[in-house]
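Notes for the structure review
Chain by chain, the residues:
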Amino acid sequence: DLNLPLAQRTAEEYGRVNCYASLTDMLRNEELDAVLLCVSPVAHPVLACEALTAGLHVWMEKPAAVNLAGVESMLARRGDRIVTVGYKKAFMPAVAKLREILALPAHQPLRTILAQYAVAVPKDGAAVLREHRPNNWLNNGCHPLAFMLALGGPVAAVTVHHGKGDDSVVVLEFANGVVGTLHGAMGAGNSQPVEVFTVFAEGAVLTVDNSSRVTYQRGIPFIYSKSTTYAPPGLEHGALVWAPQNCLATLENNPLFTQGMYGSLRAFCDQVLGGPRIHDGSLEFAHELTAVYEAALLSVGKRQPVAAPKPGKP
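What comes next is a walk through the structure. (Residues numbered from 1 in each chain as written. Predicted model: local features only at pLDDT ≥ 70, side-chain atom pairs only at ≥ 80, totals over all residues. Heavy atoms only, no water.)

Let us look at the overall build of the protein chain. Tallying secondary structure elements over the protein chain gives 11 helices and 12 strands in all. Relative to a compact globule of 314 residues, whose C-alpha radius of gyration would be 20 Å, the protein chain shows 21 Å and is just as compact. Residue burial in the protein chain is summarised as follows: out of 314 residues, 43% are buried. Relative to all contacts within the protein chain whose residues are 6 or more apart in sequence, the contacts with residues 24 or more apart total 64%. Taken as a whole, the protein chain presents about 16,300 Å² of accessible surface, with 57% of it coming from carbon and sulfur. Counting 25 positive and 27 negative side-chain charges, the protein chain places the averaged centre of each group 6 Å from the other. (Helix = DSSP H or I, 4+ residues; strand = E, 2+ residues; numbered from the N terminus. Rg over C-alpha atoms; globule rule 2.2 N^0.38 Å. Buried < 20%, exposed > 50% of the residue type's maximum accessible area, 1.4 Å probe, protein only. Contact = heavy atoms within 4.5 Å. Areas by Shrake-Rupley, 256 points an atom, 1.4 Å probe, with all protein chains shown as cover. Lys, Arg positive; Asp, Glu negative; His and termini not counted. Charge placed at Lys NZ, Arg CZ, Asp CG, Glu CD.)

Below, the discussion takes up the side chain of S264. Residue placement: S264 occurs in helix 10 (residues 261-272). The buried category is assigned to S264, whose relative accessible area is 1%. Excluding residues that lie within four positions of it along the chain, S264 makes contacts with W59, T84, V85, G86 and F91.

Listed as buried for helix 5 (residues 93-102) are A94, V95, L98, I101 and L102. Each buried residue of helix 5 sits inside an arc of 125° when the element is viewed along its axis, so together they form one side. Tucked into the core, helix 5 has its buried residues touching strand 4 (110-117), helix 8 (142-152), strand 8 (196-201), strand 9 (204-209), strand 10 (213-217) and strand 11 (239-242). (Arc of directions from axis to C-beta.)

This part is about the environment of T159. Inspection of the secondary structure puts T159 in strand 5 (residues 155-162). Between the alpha carbons of T159 and V169 there is a distance of 8.4 Å; along the sequence they are 10 residues apart. Aside from chain neighbours lying at most four places away, what touches T159 is V169, V170, V171, E173, S299, G301, K302 and R303.

Right, let's get into the pattern of salt bridges. Considering all chains together, one arrives at 11 salt bridges under this definition. For the salt bridge of E195 with K89, the shortest nitrogen-to-oxygen distance reads 2.7 Å. With E195 in the loop between strand 7 (179-184) and strand 8 and K89 in the loop between strand 3 (83-86) and helix 5, the pair connects residues that are 106 residues apart, well separated along the chain. Here E195 falls in the buried class, since its relative accessible area comes to 11%. The salt bridge partner of D124 is R133, with a shortest N-O separation of 2.7 Å. Three or more residues joined by partner-sharing salt bridges are found here, namely D124, E131 and R133. (Salt bridge = Lys/Arg side-chain N within 4 Å of Asp/Glu carboxyl O.)

Turning our eyes to something else, we now look at the nonpolar core. Grouped together as the largest cluster of nonpolar side chains are 75 residues, with contacts concentrated most on W137, F147 and V158. Ranked by residue count, the leading element in this core is helix 11 (residues 283-299), at 10 residues. Excluding residues within four positions of it along the chain, W137 makes contact with V119, A120, V121, P122, C142, L145, V170, L182, Y293, A296 and L297. (Core = buried A, V, L, I, M, F, W, Y, C linked by side-chain atoms within 4.5 Å.)

Counting across every chain of the model gives 5 aromatic pairs. Between the aromatic rings of F222 and Y224, the centroid separation amounts to 6.5 Å while the plane-to-plane angle is 65°, which identifies the pairing as edge-to-face. Taken together, a centroid distance of 4.7 Å and an interplanar angle of 35° make the contact between F257 and Y262 tilted. (Phe/Tyr/Trp six-rings, centres within 6.5 Å; stacked < 30°, edge-to-face > 60°.)

If you walk across this open sheet you meet the 9 strands as 11-10-9-8-4-7-6-5-12, and the pairing is mixed. In this open sheet, the two strands that pair with only one neighbour each are strand 11 and strand 12 (304-305). Across the sheet, helix 8 lies against strand 4, strand 5, strand 6 (168-174), strand 7, strand 8 and strand 9, angled at about 170° from strand 4, the strand it touches most. Helix-sheet contacts for helix 11 involve strand 5, strand 6 and strand 12, and the interaxial angle to strand 5 is about 40°. (Pairing = 2+ DSSP bridges. Axes fitted to C-alpha atoms, helices over the stretch in contact; angles between N-to-C directions.)

Their axes nearest at 9 Å, the elements helix 3 (residues 44-53) and helix 4 (residues 68-78) cross at an angle of 0°. Here helix 3 lies roughly parallel to helix 4, going by the angle between them. Here helix 3 contributes H44, P45, A48, C49, L52 and T53 to the contact with helix 4, which in turn contributes G70, S73, M74, R77 and R78. Partitioning the contact of helix 3 with helix 4 into residue classes produces 5 nonpolar, 4 polar and 2 charged. (Parallel < 35°, antiparallel > 145°, perpendicular 65-115°, else oblique. Nonpolar A, V, L, I, M, F, W, Y, C, P; charged D, E, K, R; others polar.)

Shown next as structure tokens:
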């Protein structure tokens, strides 16, 4: 911590733990395998590159950086190290369940994605990007974008439509032909159910409410003017629902798990320990997401192409 007395007080909570006012001092005096960066995204590229140069693996909070140049600087320095960004929505159990269902041949192809989230794209996006100005589109817009990219893949172009106030709607054209819409559900406040993701595939509608309720709508046998019940016999039709059981204080019902924070750290540790590398949360994933962030800032009602990914060293 730059505030060394604060770092010392925090270290006392964990016993005899060394603390430092700079990463350079820590790297010089400690034998480390990895570092976790929990600082402003402005500082991520410099600190991550210093740790990577020292041969360490790096996990960092979201977002990866304030612009594409920051992500690309880390890609250039990564080498064979593991770098994971905590884009938690990509690691939600709900995303894993949706991928399982979308992999079924009967539900291919994926068609459209609708995201509802309390976030807005600034109208003066070019100035925000030029000045590296802190904004909610950077800090929290990455959450719905992480969900959408985890299912839809890279985005080819973005169009943002602004309302009279701070309201906005973002249209995403995915490279694979999928179309996505991010509706900025502003005004209701965090106490309202403003986080909803709906995925439309062939023969199925999948919904994730507030990170913790997955609904799989399979439909029913239907003949217009002849069907008389919405609940026909059998269990192979209708909806399946997965949701936490709040009467049980167990891990799978805890927000640290349902929102994907555990999943992000677990994926990082598994890769560091030799497990297969994954795309979710990687610097390539971060580049794809940050490119959408920048394109949205520059759109202002016009179709804005998204910068192509620039893979780093293997």
